[in-house]
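Read off the chains here:
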Amino acid sequence: MLKVGLAIILILTVGRTCAQDNFVLIQSDNRQPFYVRMGGQFYSSSQEGHLILAHLRDSVYGVAIGFSGSIAAEQYFNISIRQKDLDLMIRQDRAEGGWNLYDAESSVTLKPAAPDNEKGNN
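Keep in mind that what you see is a predicted model, and the values were worked out from it rather than measured. Sequence positions are assigned chain by chain, starting from 1 and proceeding in written order. Two thresholds apply to this predicted model, a pLDDT of at least 70 for residue-level local features and 80 or more for giving and counting side-chain atom pairs, whereas whole-chain, interface and lining totals are computed over all residues. As a rule here, side-chain values cover all heavy atoms of the structure and leave hydrogens and water aside.

K.L.:
So what exactly am I meant to see when it comes to the sheet that holds strand S8 (residues 99-103) here?
P.N.:
The strands making up a sheet associate through backbone hydrogen bonding, with each pair oriented either parallel or antiparallel. Strand order in the open sheet made by the 5 strands is S4-S1-S7-S8-S9, with mixed pairing throughout. Strands with a single pairing partner mark the edges of an open sheet, and in this sheet they are strand S4 (50-56) and strand S9 (108-110). Averaged over neighbouring strand pairs, the angle between their axes works out to 25 degrees when direction is ignored. Inspection of the sheet shows strand S1 (residues 22-28) paired to S4 by 5 bridges, in the antiparallel sense. Paired with Leu25 across the two strands is Ile52, which belongs to S4. Here, a strand pair is defined by DSSP locating no fewer than two bridges between the strands. The numbering of helices and of strands both runs from the N terminus, where a helix is a DSSP run of H or I of at least 4 residues and a strand a run of E of at least 2. Axis geometry follows a simple rule: fit a line to the C-alpha atoms, using only the stretch in contact for helices, then measure angles between N-to-C directions, giving values from 0 to 180 degrees.

K.L.:
How should I be thinking about the sheet that holds strand S2 (residues 35-38) in this particular structure?
P.N.:
With respect to topology, 4 strands assemble into an open sheet ordered S3-S2-S5-S6, the strand pairing being antiparallel. The outermost strands of the open sheet, each flanked by one partner alone, are strand S3 (41-44) and strand S6 (75-81). Pairs of neighbouring strands in the sheet enclose a mean axial angle of 30 degrees, with direction left out of account. Pairing analysis gives 3 bridges linking S2 to strand S5 (residues 59-66), with the strands arranged antiparallel. The residue bridging Tyr35 from the neighbouring strand is Gly66, located in S5.

K.L.:
Please explain the pairing of S1 as it appears in this structure.
P.N.:
Side-chain direction in a regular strand flips from residue to residue, so the side chains alternate between the two faces of the sheet. For each residue, the accessible area found with a 1.4 Å probe, counting protein chains only, is set against the maximum for its type, and the residue is called buried under 20%, exposed over 50%, and partly exposed in between. Of all 7 residues making up S1, 6 are buried, and the element is well covered by its neighbours. Judged from the 5 bridges that link them, S1 and strand S7 (residues 86-92) form a sheet pairing that is parallel. Bridge pairing links Ser28 to Ile90 in S7.

K.L.:
What's the story with the side chain of Asp93 in this structure? I'm lost.
P.N.:
By the secondary structure assignment, Asp93 is in the loop between S7 and S8. Looking at Asp93, the relative accessible area reads 9%, which means it is buried. In protein, a polar contact means a hydrogen-donor-capable atom and an acceptor-capable atom, both N or O and within 3.5 Å, with residues adjacent in sequence counting only if both atoms are side-chain atoms; elsewhere, any N or O pair within 3.5 Å suffices. A polar side-chain atom of Asp93 sits 3.2 Å from the main-chain amide nitrogen of Ala95. In this description, contact between two residues means that some pair of their heavy atoms is separated by no more than 4.5 Å. In this view, Asp93 contacts Gly98, Trp99, Asn100 and Lys111; residues no more than four positions away in its chain are not counted.

K.L.:
Please clarify how the pattern of salt bridges should be interpreted in this entry.
P.N.:
When charged atoms on two side chains of opposite charge get close, those side chains can pair. A carboxyl oxygen of Asp or Glu within 4 Å of a side-chain nitrogen of Lys or Arg is what we treat as a salt bridge. Evaluation of the coordinates by the stated rule reveals 4 salt bridges. Here Arg57 makes a salt bridge to Asp21, at a shortest N to O gap of 2.8 Å. One end of the pair, Arg57, is in the loop between S4 and S5; the other, Asp21, is in the loop between helix H1 (2-19) and S1, and 36 residues separate them in sequence. Looking at Asp21, the relative accessible area reads 32%, which means it is partly exposed. With a closest N to O distance of 3.7 Å, Lys84 and Glu105 form a salt bridge. Remark: Glu105 occurs in the loop between S8 and S9 and Lys84 occurs in the loop between S6 and S7; sequence separation between them is 21 residues. A relative accessible area of 33% places Lys84 in the partly exposed class. Taking relative accessible area as the criterion, Glu105 reaches 65% and is therefore assigned exposed.

Laid out in structure tokens, this is it:
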């Protein structure tokens, strides 16, 4: 009986842990390739400007986004993962320069944060 109880607890724990794996799809609106720096790791997008960051837990991730060969500096963003996947679009901010991340599902625009707010991979 004890073994059955332990097996049930193990199954519930594993299921709960797997359920927290989320992903973030980031796309550039002009289909330009870009990179993401997060927690000391570099991730490159496809040539069409698509990138998936997978296996993310509920947390706030500090990411730096830049465009290869660009003279523009990296932009830093805090991305909050809260029990759901995200689909973000890199959009040019013509009024202030630089770019923003736009979440079409929630209609929220993420503005860049200060570089010293970069949290890396939590």
